[in-house]
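Coordinate analysis (summary)
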Amino acid sequence: MKKSFILTGTIISSLLAGQTAFASSYTVQKGDTLWGISKKYNTTVETLKQMNHLTSDLIFPGQILKVDEKKDTYTVNPGDTLSKIAKQFNTTVDALLKMNPEISNPNFIKAGQTIYVPGAVTASVQKQTASSVSAVSATSSENSTQAANSSLADRVIQIGEKYLGAKYLYGASPSRTDAFDCSSFTMRVFSEVGISLPRSSAAQSQVGTPVSFNQLQKGDLVFFDTDFDGAINHVGIYAGNGQMLNVSTSKGVSYASIGSSYWKERLVKAVRVIN
């Protein structure tokens, strides 16, 4: 069984090697504009907005933008259409056409043709490895779940980042996106990926699955008692590498280190709501 697992892993790794172009990122500098960044990376403002889920041209210093789309290749099968492929990879026909400018007629693609699709394991690779994967189906299923959770966590952070710089307002309505308090921010961000959270930080600390601080993962909620009175009154979204996205009274939506002297001694709990 061990030999079968190793062989399967080798086959999958070999088939996937060289197929993915990993996305690169750019940290916005003072004075940057989307237009200037688009010229630097030979792309368009609209493409940058679509890749980073931006609703306006407004960007902030320190904001991290994706500047190169993560792609995989897909081999067209008999009966495929661009609409069908777009639905399979959770994208749009327009997005596929932008990634594949050689396609002049969206209603005409040929079986055997190789096209770029948004980052995901391609169906052609899945079909080629079907017999081998059966030997480790349970492991593959678990890995798929973990990958899906990781992708959702990345999406949560991406959504949170688009509000960087928004001001702090105590009691802000969750429907507002120009101003937040700590829990209206987390409530808003998670609602955009279909996860409902209660309104207050104390109530949010009671949902999900508690996790230890040494097992924190991107997308986990971290809770604080800033008054040292035994009551949770602040929440942030763990973003990895000891950082969290949160709303502070002085900086609004911003990054902060949970290992700093201020936050470390006030950290009381963490929960995972992405399962």
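Presented here is a report on the structure given in the accompanying data block. Once a new chain begins, its residue numbering starts again from 1 and follows that chain's sequence as written. In keeping with the predicted nature of the model, local features appear solely for residues at pLDDT of at least 70, side-chain atom pairs appear and are counted solely at 80 or more, and the whole-chain, interface and lining totals rest on all residues. Where side-chain values are given, they derive from all heavy atoms of the structure, hydrogens and water being excluded.

Counting its secondary structure elements, the protein chain contains 11 helices and 12 strands. The buried label applies to any residue whose accessible area, calculated with a 1.4 Å probe on protein chains only, is under 20% of its type's maximum; exposed applies above 50%, and partly exposed to all values in between. Counting only residues that meet the buried cut, the protein chain has 37% of its 275 residues in that class. Throughout, a contact is declared for two residues whenever any of their heavy atoms are within 4.5 Å. Counting contacts in the protein chain only where the partners sit at least 6 residues apart, residues at least 24 apart contribute 61% of the total. Exposure was quantified through the Shrake-Rupley algorithm and a 1.4 Å probe, taking into account, for residues, occlusion by the shown protein chains and nothing else. On the protein chain, roughly 15000 Å² of surface is accessible, and the fraction owed to carbon and sulfur atoms is 53%. We count a stretch as a helix when DSSP gives it H or I for four or more residues in a row; a strand needs E for two or more, and each element gets its number in order from the N terminus.

Turning next to the sheet that holds strand β7 (residues 209-210). Strand order in the open sheet formed by six strands is β7-β12-β8-β9-β10-β11, with antiparallel pairing between adjacent strands. Of all strands in the sheet, those bounded by a partner on one side alone are β7 and β11 (252-257). Angular values range over 0 to 180 degrees, each being the angle between N-to-C directions of two axes fitted as lines to C-alpha atoms, with helices fitted over their stretch in contact. Of the strands in this sheet, β8 (221-224), β9 (234-240), β10 (243-248) and β11 are in contact with helix α9 (residues 182-191), which crosses β9 at around 50°. Here a strand pair is declared whenever DSSP counts at least two bridges between the two strands.

Looking now at the environment of Tyr163. Along the chain, Tyr163 falls in the loop between α8 (137-161) and β5 (167-168). Pairing of N or O atoms within 3.5 Å defines a polar contact, subject to two protein rules: one partner must be a possible hydrogen donor and the other a possible acceptor, and residues neighboring in sequence count only if both atoms are side-chain atoms. At 2.5 Å, the side chain of Tyr163 and the side chain of Glu192 are in polar contact.

These figures come from the coordinates and say nothing about function on their own.
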